[in-house]
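Take a look at the letters that make up each chain.
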Amino acid sequence: NLAANINYMVSHQLQETVMVETADLYKTPVNCASLRVPTVNPAIWTPMSSTMRGQEIRFQRVLKLIAAGVTAFGKQVEGCAMSKLQKSMLPLFCNSYFEINCMRKIAIRPILHPRFAGLCKSCNAQAPDY
């Protein structure tokens, strides 16, 4: 049943190969630039500690999975009128992406030169790369 599948999936990690292969089926559309997982500028990446780099890689991984899910959802409803349920689902998925992206900015901000720290405010709209 659906509830049992959901309970299982949210409490067990998907196999790496399945996760990567499935996410790769749903590349971010060109016209959804804000859904592209941003990379860290090399000038910021270089001074990052290995712990912080690992955290950033995990954030990017989760963002990629959410972006793939949003893209898959978009493919399913494209060209159709969305139901009330679908209209309420999309903002939840997108806000999850936004919130995680905010967390990564907050994590990176302390290592930035104070002059550039404002670029990583969580309230700023996401740039494709920073």
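Structure: see above.
Residues numbered from 1 in each chain as written. Predicted model: local features only at pLDDT ≥ 70, side-chain atom pairs only at ≥ 80, totals over all residues. Heavy atoms only, no water.

A. Seen up close, the packing of aromatic side chains. The full count for this structure, using the stated rule, is one aromatic pair. Here the aromatic rings of F73 and F93 are separated by 6.0 Å at their centres, their planes lie at 70 degrees, and the arrangement is edge-to-face. Taken together, the positions of F73 in helix 4 (residues 50-77) and F93 in helix 5 (residues 84-108) put the pair 20 residues apart, joining distant regions of the chain. Judged by relative accessible area, which is 6%, F73 ranks as buried. (Phe/Tyr/Trp six-rings, centres within 6.5 Å; stacked < 30°, edge-to-face > 60°. Helix = DSSP H or I, 4+ residues; strand = E, 2+ residues; numbered from the N terminus. Buried < 20%, exposed > 50% of the residue type's maximum accessible area, 1.4 Å probe, protein only.)

B. Seen up close, the nonpolar core. Counting nine residues, the largest nonpolar core is built from L35, F59, L63, I66, A67, V70, Y97, I100 and A107. Secondary structure elements with two or more residues in this core: helix 4 and helix 5. With five residues, the top contributor of residues to this core is helix 4. Not counting residues within four places of it along the chain, the set of residues in contact with A107 comprises M52, Q55 and F59. (Core = buried A, V, L, I, M, F, W, Y, C linked by side-chain atoms within 4.5 Å. Contact = heavy atoms within 4.5 Å.)

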